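Understanding the architecture of this molecule
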Amino acid sequence: MTTTNSERINLRASTEAKRVIETAANLLGTTVSAFMLGQAYEAAKRVLAEHELLILSAKDRDQLLALLDSPPAPNAELRELLSRAE
């Protein structure tokens with residue numbers, strides 16, 4: 001995470017949520033802002049990783065690799081689609 005703090009994020013929280021966050025931050029010896037940013041940043045990275053990672057079964061992996069090694073010939077629909085892209 002970058003250490004240059006030039007952007008601002010504002011949010012509202014319930015009294016209970018604020019109390020819990022403040023308590024957790026105090027237990028870790030950090031500020032509420034640093035705690036919230038760190039937690040949100042790590043959660044955001046996990047969400048992005050989950051959406052960028054594709055897990056295939058061994059059967060699906062083998063099928064994908066076979067198609068990449070020997071792709072099928074383009075059909076009429078594909079040729080038409082590619083002709084529109086030009």
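Since the model is a prediction, treat every value here as computed from it, not as a measurement.

The subject of this paragraph is the overall build of the chain. The helix and strand tally for the chain stands at 4 helices and 0 strands. Moving toward the C terminus, one meets the helices and strands of the chain in the order α-α-α-α. Taking 86 residues into account, the globule formula puts the C-alpha radius of gyration at 12 Å, and the chain, at 24 Å, lies well above it. With the C-alpha coordinates aligned to their principal axes, the bounding extent of the chain is approximately 65 × 35 × 25 Å. Classification of the 86 residues of the chain by burial places 3% in the buried group.

Attention now moves to the environment of Ala-34. As for its placement among the helices and strands, Ala-34 is situated in helix α2 (residues 32–52). Each C-alpha atom, one on Ala-34 and one on Thr-4, is 13 Å from the other, the two residues being 30 residues apart in sequence.

With that settled, consider a nonpolar patch on the surface. A cluster of nonpolar side chains, namely Leu-54, Leu-56, Leu-64, Leu-65 and Leu-68, defines an oily patch on the protein surface of about 480 Å² accessible area. Relative to the assigned elements, Leu-54 resides in the loop between α2 and α3 (58–69).

Our focus in this paragraph is the packing of helix α1 (residues 15–28) against α2. Two packed helices can be described by the angle between their axes and the distance between those axes. Where α1 contacts α2, the axes come no closer than 9 Å and their chain directions differ by 95 degrees. Taken together, α1 and α2 sit at an angle that is classed as roughly perpendicular. Residues Ile-21, Glu-22, Ala-24, Ala-25 and Leu-28 of α1 form the contact with α2, whose participating residues are Val-32, Phe-35 and Met-36. Taken together, the residues of the contact of α1 with α2 break down into 7 nonpolar, no polar and 1 charged.

Criteria and cut-off values
Residues numbered from 1 in each chain as written. Predicted model: local features only at pLDDT ≥ 70, side-chain atom pairs only at ≥ 80, totals over all residues. Heavy atoms only, no water. Helix = DSSP H or I, 4+ residues; strand = E, 2+ residues; numbered from the N terminus. Rg over C-alpha atoms; globule rule 2.2 N^0.38 Å. Buried < 20%, exposed > 50% of the residue type's maximum accessible area, 1.4 Å probe, protein only. Patch = residues over 30% accessible without salt bridge, like charges linked within 9 Å, V, L, I, M, F, W, Y side chains within 5 Å. Areas by Shrake-Rupley, 256 points an atom, 1.4 Å probe, with all protein chains shown as cover. Salt bridge = Lys/Arg side-chain N within 4 Å of Asp/Glu carboxyl O. Axes fitted to C-alpha atoms, helices over the stretch in contact; angles between N-to-C directions. Parallel < 35°, antiparallel > 145°, perpendicular 65-115°, else oblique. Contact = heavy atoms within 4.5 Å. Nonpolar A, V, L, I, M, F, W, Y, C, P; charged D, E, K, R; others polar.

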